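Chain and residue survey
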Amino acid sequence: MAKSKIKPLSDRVLVQPEPAEEKTSSGIIIPDTAKEKPQEGTVVAAGPGKVENGTKIDMSVKEGDKVLYGKYSGTEITLDGDEYLIMREADILGIVS
Amino acid sequence: MAKSKIKPLSDRVLVQPEPAEEKTSSGIIIPDTAKEKPQEGTVVAAGPGKVENGTKIDMSVKEGDKVLYGKYSGTEITLDGDEYLIMREADILGIVS
Amino acid sequence: MAKSKIKPLSDRVLVQPEPAEEKTSSGIIIPDTAKEKPQEGTVVAAGPGKVENGTKIDMSVKEGDKVLYGKYSGTEITLDGDEYLIMREADILGIVS
Amino acid sequence: MAKSKIKPLSDRVLVQPEPAEEKTSSGIIIPDTAKEKPQEGTVVAAGPGKVENGTKIDMSVKEGDKVLYGKYSGTEITLDGDEYLIMREADILGIVS
Amino acid sequence: MAKSKIKPLSDRVLVQPEPAEEKTSSGIIIPDTAKEKPQEGTVVAAGPGKVENGTKIDMSVKEGDKVLYGKYSGTEITLDGDEYLIMREADILGIVS
Amino acid sequence: MAKSKIKPLSDRVLVQPEPAEEKTSSGIIIPDTAKEKPQEGTVVAAGPGKVENGTKIDMSVKEGDKVLYGKYSGTEITLDGDEYLIMREADILGIVS
Amino acid sequence: MAKSKIKPLSDRVLVQPEPAEEKTSSGIIIPDTAKEKPQEGTVVAAGPGKVENGTKIDMSVKEGDKVLYGKYSGTEITLDGDEYLIMREADILGIVS
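Description of the structure in this document. Values in this document were obtained by computation on a predicted structure and should not be read as measured data.

**Looking at the overall build of chain A**
Looking only at helices and strands, chain A has 0 helices and 9 strands in total. In sequence order, chain A lays out its α and β elements as β-β-β-β-β-β-β-β-β. The buried share among the 97 residues of chain A stands at 35%. For chain A, the share of sequence-separated contacts (at least 6 apart) that also reach a separation of at least 24 residues comes to 64%.

**Digging into the relation of the copies chain B and chain A**
If you rotate chain B by 51 degrees and push it 0.0 Å along the axis, it lands on chain A with an RMSD of 0.0 Å. Each copy contacts the other with its own distinct surface, as only 13% of the interface residues of chain B are interface residues in chain A too.

**Observations regarding the relation of the copies chain F and chain G**
When chain F is fitted onto chain G, the two copies agree to an RMSD of 0.0 Å after a turn of 51 degrees and an axial shift of 0.0 Å. Of the residues that chain F buries at the interface, just 13% are likewise interface residues in chain G, meaning the two copies contact each other through different surfaces.

**Considerations on the pattern of salt bridges**
Applying the stated criterion to the full structure yields 35 salt bridges over all chains. Note that Glu-40 of chain B is salt-bridged to Lys-66 of chain B, the shortest N-O span being 3.4 Å. Taken together, the residues Glu-40 of chain B in strand β3 (residues 40-46) and Lys-66 of chain B in strand β6 (residues 66-69) connect sequence positions 26 residues apart. Because the salt bridges share partners, they merge into one network encompassing Glu-18, Glu-40 and Lys-66 of chain A.

**Structural notes on the interface of chain B and chain A**
Chain B puts 15 residues into the contact, and the matching count from chain A is 16 residues. Note on chain B versus chain A: buried area summed over both sides is about 1,200 Å², and carbon and sulfur give 58% of it. Contact with chain A buries area across many residues of chain B, yet Leu-68, Leu-93 and Ile-95 of chain B alone supply 41% of it, more than any other trio. If you look at where chain B meets chain A, you find 0 salt bridges.

**A closer look at the sheet that holds strand β3 (residues 40-46) of chain E**
Paired through their backbone hydrogen bonds, the strands of a sheet run either parallel or antiparallel. Ordered in space as β1(D)-β9(E)-β6(E)-β3(E)-β2(E)-β8(E)-β7(E), the 7 strands form an open sheet in which the pairing is antiparallel. Edge positions in the sheet fall to β1 (6-8) of chain D together with β7 (75-79) of chain E, since each has one partner strand and no second. Direction aside, neighbouring strands of the sheet carry axes that sit 40 degrees apart on average. In terms of strand pairing, strand β2 (residues 12-17) of chain E meets β3 of chain E through 5 bridges, oriented antiparallel. Bridge pairing in β3 of chain E places Pro-17 of chain E opposite Gly-41 of chain E.

**Section: the interface of chain F and chain G**
Contact residues are listed per partner, giving 15 residues for chain F and 15 residues for chain G. In total, about 1,200 Å² of surface goes out of reach between chain F and chain G, with carbon and sulfur atoms giving 58% of it. It is Leu-9, Arg-12 and Asn-53 of chain F in chain F that bury the most area against chain G; as a group they hold 39% of the surface buried on that side. There are 5 residue pairs in polar contact (both at pLDDT 80 or more) connecting chain F and chain G. The set of elements that each furnish at least two residues to the side of chain F that touches chain G consists of β1 (6-8), β4 (51-52), β7 (75-79) and β8 (82-88) of chain F. Element by element, the count of residues in the side of chain F that touches chain G is highest for β1 of chain F, at 3 residues. For the side of chain F that touches chain G, the residue count by class is 6 nonpolar, 4 polar and 5 charged. One ladder, built from 3 bridges, connects β1 of chain F with strand β9 (residues 92-96) of chain G; its direction is antiparallel. The residue of β9 of chain G that forms the bridge with Lys-7 of chain F is Ile-95 of chain G.

**Some details on the pairing of β3 of chain E**
Alignment of β3 of chain E against strand β6 (residues 66-69) of chain E, held across 3 bridges, turns out to be antiparallel. The residue of β6 of chain E that forms the bridge with Thr-42 of chain E is Lys-66 of chain E.

**Quick word on the pairing of β9 of chain G**
Residue and element names in this part refer to chain G. Among the 5 residues of β9, 5 are classified as buried, and the element is accordingly described as predominantly covered. With 4 bridges connecting them, strand β6 (residues 66-69) and β9 associate as antiparallel partners. The residue bridging Lys-66 from the neighbouring strand is Val-96, located in β9.

**Let's talk about the sheet that holds strand β6 (residues 66-69) of chain A**
Taken together, the 7 strands give an open sheet; going across it, the order is β7(A)-β8(A)-β2(A)-β3(A)-β6(A)-β9(A)-β1(G), and neighbouring strands pair in antiparallel fashion. On the outer flanks of this sheet lie β7 (75-79) of chain A together with β1 (6-8) of chain G, each paired with one strand and no other. Strand-to-strand, the axes of this sheet are offset by a mean angle of 40 degrees, without reference to chain direction.

**Section: the environment of Lys-7 of chain E**
Within the secondary structure, Lys-7 of chain E is located in strand β1 (residues 6-8). If sequence neighbours within four positions are ignored, Lys-7 of chain E has contacts with Gly-94 and Ile-95 of chain F.

**Overview of the environment of Pro-19 of chain G**
Considering the arrangement of structural elements, one finds Pro-19 of chain G in the loop between β2 (12-17) and β3 (40-46). Sequence separation between Pro-19 of chain G and Gly-41 of chain G is 22 residues; the distance between their C-alpha atoms is 8.5 Å.

**Describing the environment of Ala-45 of chain D**
Residues and elements named next belong to chain D. Along the chain, the position of Ala-45 falls in strand β3 (residues 40-46). Taking relative accessible area as the criterion, Ala-45 reaches 13% and is therefore assigned buried. As for Ala-45 and Lys-5, which are separated by 40 residues in sequence, their C-alpha atoms are 8.9 Å apart. Leave out the neighbours within four places in its chain, and Ala-45 touches Ile-6, Pro-8, Arg-12, Val-13, Leu-14 and Glu-63.

**What about the side chain of Asp-11 of chain G?**
Here Asp-11 of chain G is to be found in the loop between β1 and β2. The contacts of Asp-11 of chain G, once residues within four sequence positions are left out, are Gly-49, Lys-50, Met-59, Met-87, Arg-88 and Glu-89 of chain G.

Here is what the cut-offs are and how they apply
Residues numbered from 1 in each chain as written. Chains lettered and ligands numbered in written order. Predicted model: local features only at pLDDT ≥ 70, side-chain atom pairs only at ≥ 80, totals over all residues. Heavy atoms only, no water. Helix = DSSP H or I, 4+ residues; strand = E, 2+ residues; numbered from the N terminus. Buried < 20%, exposed > 50% of the residue type's maximum accessible area, 1.4 Å probe, protein only. Contact = heavy atoms within 4.5 Å. Least-squares fit on C-alpha atoms with pLDDT ≥ 70 in both. Salt bridge = Lys/Arg side-chain N within 4 Å of Asp/Glu carboxyl O. Buried area = accessible area lost by both parts, 1.4 Å probe. Pairing = 2+ DSSP bridges. Axes fitted to C-alpha atoms, helices over the stretch in contact; angles between N-to-C directions. Polar contact = N/O pair within 3.5 Å; in protein donor to acceptor, adjacent residues only side chain to side chain. Nonpolar A, V, L, I, M, F, W, Y, C, P; charged D, E, K, R; others polar.

Keep in mind that these numbers describe shape and distance, not what the molecule does.
Encoded structure:
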């Protein structure tokens, strides 16, 4: 079965958040609501870049980049049962390598 | 009987929201107020694009595109008994394919 | 007796709101305060267009256009006993045809 | 005795509000606080126009124009005992003729 | 003894407010807190003008001009025991003559 | 021992506030919290100027200038035990001479 | 083991805050919550600079610079167990030398 695909508009990127750790270091399983919201993820799709006064601004991130983003950035969407975030490139703080 | 037609102005688009699921997976019918507001819809009409400092910015979506949008985006209007949303292209997060 | 005339400034338009239905489908007359504020109207006069950095932006609506606008758009004015709205073109969502 | 004169700066206009009706149609005199604040007035003096990025934007109203403005527009000033309003041209909705 | 001098920066002006009337027309002396804050004053010093995108915008007021300004405009400063206001030219409504 | 040095960025200036008077005219020593926060100070270091659309805007103040600033302007920093303020040039009202 | 690396986007910088003093001058150890949040740090990585209307604005800080920043600037991130801040260059007040 083919997966749904999202083509983000403007300078938006579709990010798959990294799963939060489900166990503490001592092995205790953290119930779902206590888990820290992840701030790291992988770019799954990137828009074409925003247009400013008729000039297109190139994107600085691309598919596959592992990125850091602020805790409350983006809009959560569910795609084929998985959770994603759509955010503007300006919400991405940096690329992790 | 001919249907009413809306020509959106500037960078606005007329979107027909996808109907929310009316049954849960176990077959229980959800009463109207408990249904999640849909965030997916189909572009029914798109404006000519916004003018910025005398330059027209082309639209990135067109009639027929299936789009994702934020939960509280747009203005609800009723046309011939059907519910639509008029929103700015900037409220559209991405195109679904 | 000649009617008063308004020449809207900048990108403003003078809109005559469509009268709200005064009867429900079952024939009950709705008292004035319960009537839904109309969101549809007819452009009675349009300004010359707004000037942005020395460039005049042409208007997208003209006299006679039937338009949709947001519920709280515009300033209400009374002219020769009739109610009108003066709003900016940016408050007009689309043209109905 | 010569009257004081105000030369408004930038895109401001000095407006003399139209006196509110002091009698209702049945002849009852309305006490001062119950009178509706007028929204119509006459331009007594107009500034030279605002400068935007080095370009002067010409004024759309001139001395003598009868104008409509929003209820809370402008700053009230008293000149030789008379009440006036100084407002920006952007606060003027239209010219009445 | 030489007086202190202020050279306002950008598009700021130093204004000496006109003293509020200390007696009512019937000769009663008004205690200090009941006096209306003056809205008229004299320009004592004017800045060189603000720079916008590399272009200097000339000032519209000059030393000696009697000006009108909004009630809460400017920052109060005390210079050699006298009260002054430093405000932006945009806070000045007009020139009185 | 060499003193620490700050090179302000953009259009910021490092200002040493003038010490508030510690005695009233009658010789009573004012406890620390009752002293009025000074609004006058001396520029100790000035940034290179802000860049606007690729053009550098020259600074209007320089090291050694005695300046006036608003009561709540700037960020307080402690350098080698002394209190300073770092503020944007736009927070400086004028130069005192 | 190689350390993680962050490449900040746009005009962002990755700053390693200077550890707050853990003892008062009299030798008392301050519990963790009473420590003043440091406002000084070292630039660990700097972005390429922000793009404004198609023009890239060069950065004024570089790796290794010791910088001052406002108390609530930046987003805290944890990298390999160490605390860092990612902030915009505009949040940096000056360079310490």
